[in-house]
Amino acid sequence: MNGFFGTEAADLAATWIAALLTLVVLGGLLGERRLFGWSQHLLAGLITGFLALLAVDEVIVPRLVRPLLDGGIARGELWLGLALVAVTAAAPWVPRVVAAVPISIAIGSLAAFALGGAIIGTVLPQLAAAVAVDRAAPVETLAGVAAAGISGLVLLGFLHGVPRGRPVQVAAAAGRWLLVAGMGGWLGYLLVSRLLLLLDRIGFLLGDWLGIGR
Amino acid sequence: MSDRWPLAARLAPVGLLALLALVTLAPTGGPLRLASGDSAAATAWTEALDALPEDPTVLVGFDPDVGTYAEVRATARAAIADLLHRDARVVLVSLTVEGRALLVAELARLARLEANPTRLLDLGYLPGAEAALVSLTRGPAVPVDAEGELARRLASEGMSSVDALLVVGGNDLGPRSWVEQVRPRVPALPLLALAPTVLLPELQPYLESGQLTALLGTPRDGAAYRASVDLGPLERMRELSEPPVAAVFVGIVAAIVALGQAWARRLAARLRETGRDGADGS
């Protein structure tokens, strides 16, 4: 039982709608593409509508309109933000130099946060963790050496178009195969994830909808 | 044979669905349970929660995606119920639209199950992706209409009132984003992550390097945790359905068969081509 729905009439209706839509999606397996495509449009529409609702209800009104009404002229940062939004909306009619300002700020800050975080949070700590060090248990030490070796080979696998000798070529080929093996493993994980999703839907149809096996 | 084959290929998915449904309904028990496997991850998770102070405040980043939530749903519910059973104050926030939609549904479920509302605080949807995560570390924005001691404390003390971070992750702004954006700014806080299997390859290194305190990243780990956790009077919050292992096994076998069939077909085509080339050459 997924537990999203209670026992009232509205919950019952929601269960039926969810069940019918699940059947429509599963019908795609039988080649029924028209209803399947329609359900995809419905999902996209629902997400867009929900996003609009979220934007108005949880962002624009409580974080922009209400503070502006309460704080008035004192909230300079909000007025500045509002001006940038207005410039973005008016981009087709304002000079390109002006229109580029808010977009540049958005892209630049997004890239700065993502890149900075990736270096501080992933690259440096993972580089440190990939260095093989002598640990308490020999197995752990060996695992560290293997991890460092595999990391090195995979990095070599990204060498393209650079003149290099036979040993480096062999190592790069091994790195590429290790990369392929890693991707194969990842696809296996993906299969398990999707399989569990399918089983959850089957369980929903049988248990929540038809009441079998409750 | 050639006329029958397309029909069989077309009906094969229906047959597979019917088989999976039958196996799902079959009684399970004994050793064939997901929770029977290795419980090291579940133990690490429980130890991380045991190490928290009395009445801790836990900030939960709730951003699973619709495509994988079915896999982590039972464990996420058990984890939140476990926190409430430990008298933790649970502060929830979403940074993605899908996460917010699922959180709204889960909060409705918690209300239906009469969870203590004074121990729950919904910070709502926080837009801004990575920038929003950074802003969280400078002090979570408490909604103006939020009431209660928990809201007042969080508003006045900010992140210093938080004792741990828990991320229910999906494909977007999941545990990796928290490791990259939040953990370097609040390194003292333990970071626990609950994620679908598909994220395991990207999260396992964080666990090994100590950037994640605990990780429940596979159905087996989740099942082991759910089997070990005692929810006391909050047992009603537990999701009772478990993924049927036999059905998972059948599904994997079917996938391998499909893969083998595709490979065999390709091999046969190549052999035919080679034979044709040989005949043309002679």
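Just so it is clear, the structure is predicted and the values come from calculations on it, not from any experiment.

Peer 1: Looking at this model, I keep getting lost on the environment of A:Leu43. Mind explaining?
Peer 2: Within the secondary structure, A:Leu43 sits in helix α2 (residues 33-71). Under the C-beta neighbour-count criterion, A:Leu43 is labelled partly exposed, with 13 such atoms within 10 Å.

Peer 1: Could you clarify how one ought to interpret the nonpolar core in this entry?
Peer 2: Generally speaking, a soluble globular protein has its nonpolar side chains buried in company with each other. All names here are of chain B. The biggest cluster of nonpolar side chains holds 78 residues, and the ones touching the most others in it are Val58, Val60, Val90, Val91, Ala193 and Leu194. Of the residues forming this core, the biggest block, eleven residues, is contributed by helix α3 (residues 69-85). Not counting residues up to four positions away in its chain, the partners in contact with Val90 are Val58, Val60, Ile80, Leu83, Leu84, Arg119 and Leu120.

Peer 1: For this particular structure, what's the right way to read the pairing of strand β2 (residues 89-94) of chain B?
Peer 2: Regular strands show a simple pattern: their side chains alternate between the two faces of the sheet. All names here are of chain B. When you tally the buried positions in β2, you get six out of six residues, the bulk of the element. Burial along β2 is two-sided: Arg89, Val91 and Val93 facing one way and Val90, Leu92 and Ser94 facing the other are all buried. Where strand β1 (residues 57-63) meets β2, five bridges bridge the pair, whose relative direction is parallel. Each residue of the ladder has a partner; that of Val60, found in β2, is Leu92. In the classification by handedness, the crossover that spans β1, the intervening α3 and the parallel β2 is right-handed. As paired strands, β2 and strand β3 (residues 120-125) are joined by five bridges and run parallel to one another. Each bridged residue has a counterpart across the sheet, and for Val93 the counterpart in β3 is Gly124. The parallel pair β2 and β3 is bridged by helix α4 (residues 97-112), and the resulting crossover is right-handed.

Peer 1: Honestly, the interface of chain B and chain A in this entry has me stumped. Any pointers?
Peer 2: Frequently, the measure chosen for interface size is the accessible area that the parts lose on association. Taken together, the contact between chain B and chain A spans 52 residues of the former and 46 residues of the latter. Here the side of chain B that touches chain A gets eight residues from one element, more than from any other, and that element is helix α1 (residues 4-25) of chain B. Looking at side-chain class alone, the side of chain B that touches chain A contains 32 nonpolar, ten polar and ten charged residues.

Peer 1: Where do I start with the environment of A:Trp79 in this structure?
Peer 2: Tracing the sequence through the fold places A:Trp79 in helix α3 (residues 76-89). In this structure, the C-alpha to C-alpha distance between A:Trp79 and A:Pro67, residues twelve residues apart in sequence, is 10 Å.

Peer 1: Teacher, can you tell me more about the domain arrangement of chain B here?
Peer 2: Split into domains, chain B comes out as domain 1 (38-237) and domain 2 (244-282). The centre of domain 1 of chain B, based on its C-alpha atoms, is set 44 Å off from the matching centre of domain 2 of chain B.

Peer 1: I keep staring at the domain arrangement of chain A and nothing clicks. Help me out?
Peer 2: Residues and elements named next belong to chain A. Taken domain by domain, chain A consists of domain 1 (1-74) and domain 2 (132-214). Here the C-alpha centroids of domain 1 and domain 2 sit 34 Å apart. Listed per partner, the contact involves five residues of domain 1 and six residues of domain 2. Its residues assigned to classes, the side of domain 1 that touches domain 2 shows two nonpolar, three polar and no charged.

Peer 1: Where do I start with unusual backbone geometry in this structure?
Peer 2: Note: most residues except glycine have negative phi, and most peptide bonds are trans. Residues and elements named next belong to chain B. With a phi close to 45 degrees, Asp55 is a non-glycine residue in the positive phi region. Mapped onto the fold, Asp55 is located in the loop between α2 (40-50) and β1. Backbone geometry places Asp87, a non-glycine residue, at a positive phi of 65 degrees. Exposure remark for Asp87: the 11 C-beta atoms within 10 Å place this residue in the exposed category.

Peer 1: Honestly, the confidence of the model for chain B in this entry has me stumped. Any pointers?
Peer 2: Detailed reading of predicted coordinates is not advised where the pLDDT is low. Of the residues in chain B, 94% have a pLDDT of 70 or more, and the chain-wide mean is 88. Scored by ipTM, the complex comes to 0.83, with pTM at 0.86.

Peer 1: Can you help me understand the pairing of β1(B) in this one?
Peer 2: All names here are of chain B. Across the seven residues that make up β1, a large majority, seven, are buried. Of the two faces of β1, both are covered, the one formed by Thr57, Leu59, Gly61 and Asp63 as well as the one formed by Val58, Val60 and Phe62. In this structure, β1 lies alongside strand β4 (residues 164-169), joined through six bridges in parallel fashion. Its bridge partner being in β4, Phe62 is matched across the sheet by Val168.

Peer 1: Is there a simple way to explain the sheet that holds β3(B) in this structure?
Peer 2: Whenever strands of a sheet pair, they do so through backbone hydrogen bonds, lying parallel or antiparallel. Residue and element names in this part refer to chain B. Ordered by their spatial adjacency, six strands build an open sheet running β3-β2-β1-β4-β5-β6, and the pairing between neighbours is parallel. The open sheet has two edge strands with one neighbour each: β3 and β6 (214-216). Between one strand axis and the next, the sheet turns through 15 degrees on average, direction left out of account.

About the cut-offs
- Residues numbered from 1 in each chain as written.
- Chains lettered and ligands numbered in written order.
- Predicted model: local features only at pLDDT ≥ 70, side-chain atom pairs only at ≥ 80, totals over all residues.
- Helix = DSSP H or I, 4+ residues; strand = E, 2+ residues; numbered from the N terminus.
- Buried ≥ 20, exposed ≤ 12 C-beta atoms within 10 Å, placed from the backbone.
- Core = buried A, V, L, I, M, F, W, Y, C linked by C-beta atoms within 7 Å.
- Contact = placed C-beta atoms within 7 Å.
- Pairing = 2+ DSSP bridges.
- Right-handed = clockwise from strand over helix to strand, strands pointing away.
- Nonpolar A, V, L, I, M, F, W, Y, C, P; charged D, E, K, R; others polar.
- Domains from an automatic or database assignment.
- pLDDT = per-residue confidence, 0-100.
- Axes fitted to C-alpha atoms, helices over the stretch in contact; angles between N-to-C directions.

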